[in-house]
Amino acid sequence: MNFVSPDLSPAYAEMFVLTMTCLVLVVDAFLRDSQRGITYTLSMLTLVGAAVITSQFGVDARISAFSDHFISDPMGDILKLVVYATTAVVFLYSRDYLRRNDIFHGEFFVLALFAMLGIMVMVSAGSLLSLYLGLELLSLSLYALVAFQRTSTQGAEAAMKYFVLGAIASGCLLYGISLLYGMTGTISLSGLAENLTTADQFSLPLLFGLAFVVVGLAFKFGAVPFHAWVPDVYQGAPTAVTLFIASAPKIAAFALAIRLLVDGLGDLQGGWQDMLTALAVLSIVFGNLVAIVQTNIKRMLAYSTISHVGFILLGILTGSQEGYAAAMYYTIAYVVMTTGAFGMIMVLSRKGFEVEQLDDFKGLNTRSPWLAGLMLMIIFSMAGIPPFVGFYAKLTVLMGLVEVGLTWLAVLALVFSVVGAFYYLRVVKLMYFDDPLDQGKPEAATDIRVLLSANAILVLLLGVFPDGLMSLCIKVFQ
Amino acid sequence: MTTGMPLLSLLIWVPVLGGLLVLGIDDARSSVARWTALTISLLSFLLSLFLYAGFNPDSSAMQFVELRPWIESFDIFYQLGVDGIALPLILLTTFITVLVVLAGWEVIQKRVGQYFAAFLIMEGLMIGVFASMDAMLFYVFWEAMLVPMFIIIGVWGGPRRVYATIKFFLYTFLGSVFMLASLIYMYMESGSFEISALYALPLDMPVQILIFLSFLAAFAVKVPMWPVHTWLPDAHVEAPTGGSVILAAIMLKMGGYGFLRFSLPITPDASRELDWLVIGLSLVAVVYIGFVALVQTDMKKLIAYSSIAHMGFVTLGFFLAFAISERGGNMGAASMGLQGGMVQMISHGLISGAMFLCVGVLYDRMHSRNIGDYGGVINSMPVFGAFMVLFALSNAGLPGTSGFVGEFFVIMASFQANFWYALLAATTLILGAAYTLWMVKRVVFGEVANDKVAALQDVNRREFFILGVLAVSVLALGLWPAPLTDLMGSSIDNLLHQVMTSKLVP
């Protein structure tokens, strides 16, 4: 029998990250607590190396490898680069936070890197099997991360909720996948696409399978009515972990949706479009309304995330290339804004003082005008006010919707962004119009301040010059 | 003509970047912040004078055009230009901003840098709105403007400032999102966001009506027209003096400008169909709000309501053209209605600004805006009293002041349209005189009300200068409005031609 060694080059980045993560795991076991900096540095080097590999071996067109289980394409490359950058930003923001709370352990970095590897596998998944593998690697790492502050009962509770609900979601997804496999006899996405025709969107068993797949997807996205875990996990997890959960996995969820629904089940669009419409409308309406009554900043951001997810789903459900590009642009813009917002929470926290409540933002402008200005930009961007990136993200999604004739959805989304503006404005009101509760100055390290500034200014710059990222997103879907 | 210099870009970005510079100056060096802000606002004013000097009033085409690609993926261009409609408003903006910076000189003591920065950034964004030739660029400036205004009212405003500023923001934001939906729809139809391309886009009547209504939602809130005016008295009363001046003098004009730039030329047939709606709402504003103004006890609130009534005149003038043309009337009268509306906008910018500054002068001394706390101010502040009476008279439309010209034009035009329009519109001459002069009588004249009033200091040199400059411009415009009307004449005629051309698909 002739054994042909497969071409490994499409997956070099994944292999590198896997090797390095194992290395970090081993090295960390031999380090004393005072030497954790080495773990941190090694993790950062992993990200840099992965970024170099991905950009070196970047492809111009889609390549399938490993018997169709793996796909390498421009969309995947860009998403992976964003994921590396996000993870690096998370590590940087978290360093001081973890030290302060005495949880500067190697597990954080190892688990986050494994989660990132899971995202990379999902982004490049070419079959239902690899998609599921990546998803589980991501999810299991995240469950552990949420509970990773061992003394925190809140964290344990959140992790338990997350685990139970996440397991149900995975079960749903798996059941849906089994139905799809049963109907088509293949697990490869391209095989699915070949075996299905648009006539199949009326086939009941297929729709049944599709519904389960979409439910699983909605859980991972945190779309209403499968959102119950989002606020609890955001609140219960250590802020560093919340930052990670709120950012990178959304890219994974976007990739999951594109790979599964568009690449694999594109012919069933008539089926999933309605399902996604319901999810998107509920998420936007519910997310924005419930966010208004929150007093905890992390919970508020959780509901705000839910409404952003609604917008991402709106982009996907258009079923057009413009819509997918818009959803991708929205996802990236969302990640940039969210890292900024949670980064701000960590910068404002001090030893013995955790920023938890919205009221902790009171009078920030008096305490630190610069930080208040940065937060102002992030918040107005989330509200979708130009000239910040959030506006263009909403704009592209709305244009995608109007283009396929779903103007009513666009108008609905617009009206609810006005509702959403209310709770965002409240944050600005607290920062600018109210007197501070405490006079303590934020004491974050310089590099973290610089990073936060760069993060917020990126929100502005991507808004003033939106074309670069936008045309990149459009190009990968052509 | 081309100067080779991107004048409009400079006019937008000098104040914005200058504002960011001032933002960085902390309270310890507040006088540096003041002087920098003044320099930047004067520089912008100077630049706008260059614009005026280089402008050719005989042409109705866009001038000083700048065109650069901005968001190529969606054919959005950074496209600027001015015509005879935008130019006077840009001049008004730069002029008023200088005065606003001066007006906040000693009054503002907390967060001085941020205060001036907010006004300078506002100035740049407002000029951007007037100079945009691309609908999406227009929208970006239009919305971005809300951010500094939100901060201005909320930080430096009165006791109920939080309520007022959130109301202001949400009202205007809600109005604008409908406009955004329309703009996206038209982009899908025409493949361009260029405003002139939207002019050429044929549209069916039902679509036109929807688009017209969405524009109305955006612009009526900004003007503001009855019944969506309720944010204005709150915002005006709670805003600091400078904020009130910018709101009344320029931000309200955005709505009027929007009608001229978007509603009328993009949806001419729907405007013809629904002109009764706008005219009706305008007349309600003129008559009903006039009565409301009469009973106010708060000076700022009174002027705010008077602003609504005066802006009702503006929208009335803009939408008279259809009724006139249907009666076979002469187009000269229609153009007079439009011109009257425009002159009224400029004149109201000056007068309302001046009135708010007058109230500001009193408020800085007495910390009360309540009419009942005053009386006989003229005894202790003779110079100030003279200014206030002059501005009050021009607010009431006294011939010889700028307030008269616009109102006269609009009433003349409405006679050509419908006798009843004219009759109702003309009641403003009585109502306006009643509420303004009655306020002046109670505040400025009469017995000295209390010891505090008796101890008032008259205006200082800075205040004298601000009020003096405004008084001169109000009188100049009232006695000799020709330079202003010449400036916009051919652009108005061009617009009128545009409005009278049906866009329905035959």
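See the structure shown above.
Residues numbered from 1 in each chain as written. Chains lettered and ligands numbered in written order. Predicted model: local features only at pLDDT ≥ 70, side-chain atom pairs only at ≥ 80, totals over all residues. Heavy atoms only, no water.

Colleague: How do you make sense of the overall build of chain B when you look at a structure like this?
Modeller: Each helix and strand in chain B was counted, giving 23 helices and two strands. Reported as C-alpha extents along the three principal axes, the dimensions of chain B are approximately 75 × 55 × 40 Å. Considering chain B as a whole, with its 506 residues, one finds that 66% of them fall into the buried category. Across chain B, the fraction of contacts at a sequence separation of at least 24, relative to all contacts at a separation of at least 6, is 82%. Of the roughly 16,400 Å² that chain B leaves accessible, carbon and sulfur atoms contribute 67%. Of note, chain B has its 23 positive side-chain charges centred 11 Å away from the centre of its 30 negative side-chain charges. (Helix = DSSP H or I, 4+ residues; strand = E, 2+ residues; numbered from the N terminus. Buried < 20%, exposed > 50% of the residue type's maximum accessible area, 1.4 Å probe, protein only. Contact = heavy atoms within 4.5 Å. Areas by Shrake-Rupley, 256 points an atom, 1.4 Å probe, with all protein chains shown as cover. Lys, Arg positive; Asp, Glu negative; His and termini not counted. Charge placed at Lys NZ, Arg CZ, Asp CG, Glu CD.)

Colleague: Help me understand helix 22 (residues 461-479) of chain B in this model?
Modeller: Since the α-helix advances by 3.6 residues per turn, residues separated by three or four positions end up pointing in the same direction. All names here are of chain B. Between the first and last C-alpha of helix 22 there are 26 Å, a value that for 19 residues agrees with the 27 Å anticipated at 1.5 Å per step. Residues of helix 22 that are buried: Arg462, Glu463, Ile466, Leu467, Gly468, Leu470, Ala471, Ser473, Val474, Leu477 and Gly478. On the buried face of helix 22, the contacting elements are helix 3 (86-103), helix 16 (331-366), helix 18 (382-395), helix 19 (402-417) and helix 23 (482-500). Near the N-terminus of helix 22, the side chain that reaches the backbone nitrogen of arginine 462, with its oxygen 3.2 Å away, is that of asparagine 460. (Expected span 1.5 Å × (residues − 1). Polar contact = N/O pair within 3.5 Å; in protein donor to acceptor, adjacent residues only side chain to side chain.)

Colleague: Would you explain the packing of aromatic side chains in this entry?
Modeller: Each aromatic ring pair is summarised here by two numbers: the centre-to-centre distance and the angle between the ring planes. A complete count under the given rule lists 51 aromatic pairs over all chains for this structure. Residues B:Phe45 and B:Phe95 carry aromatic rings whose centres are separated by 5.9 Å and whose planes lie at 45 degrees to one another, so their mutual orientation is tilted. Of this pair, B:Phe45 sits in helix 2 (residues 30-54) while B:Phe95 sits in helix 3; the two residues are 50 residues apart in sequence, bridging distant segments of the chain. Ring pairing ties together the aromatic residues B:Phe138, B:Trp142, B:Phe212, B:Phe215, B:Phe219, B:Phe259, B:Phe262, B:Phe319 and B:Phe322, which thus form one cluster. Seen from the ring of A:Phe104, A:Arg99 lies directly overhead, with NZ or CZ sitting 4.6 Å from the centre. (Phe/Tyr/Trp six-rings, centres within 6.5 Å; stacked < 30°, edge-to-face > 60°. Lys NZ or Arg CZ within 6 Å of the ring centre and 35° of its normal.)

Colleague: Is there a simple way to think about the pairing of strand 2 (residues 76-82) of chain B in this case?
Modeller: Look at any regular strand and the pattern is simple: side chains alternate between the two faces of the sheet. Most of strand 2 of chain B is tucked away, with six of its seven residues classed as buried. Linking strand 1 (residues 63-71) of chain B back to strand 2 of chain B in an antiparallel pair, the connection comprises four residues, with B:Asp75 at a positive phi of about 50 degrees. (Pairing = 2+ DSSP bridges.)

Colleague: Sorry if this is basic, but what is going on with helix 17 (residues 407-433) of chain A here?
Modeller: An ideal rise of 1.5 Å per residue puts 39 Å on 27 residues; helix 17 of chain A measures up with 37 Å between its terminal C-alpha atoms. In terms of burial, helix 17 of chain A is a largely internal element, 19 of the 27 residues being buried.

Colleague: Before we go on, may I ask you to explain the interface of chain B and chain A in this structure?
Modeller: For interface size, the figure often reported is the accessible area lost on association. Listed per partner, the contact involves 34 residues of chain B and 36 residues of chain A. In this assembly, chain B packs against chain A so that about 3,200 Å² is buried in total across both faces, 82% of it on carbon and sulfur atoms. Counting across the chain B and chain A interface gives zero salt bridges. Here the element with the most residues in the side of chain B that touches chain A is helix 7 (residues 161-190) of chain B; it accounts for 16 residues. The residue makeup of the side of chain B that touches chain A, split by class, is 26 nonpolar, four polar and four charged. (Buried area = accessible area lost by both parts, 1.4 Å probe. Salt bridge = Lys/Arg side-chain N within 4 Å of Asp/Glu carboxyl O. Nonpolar A, V, L, I, M, F, W, Y, C, P; charged D, E, K, R; others polar.)

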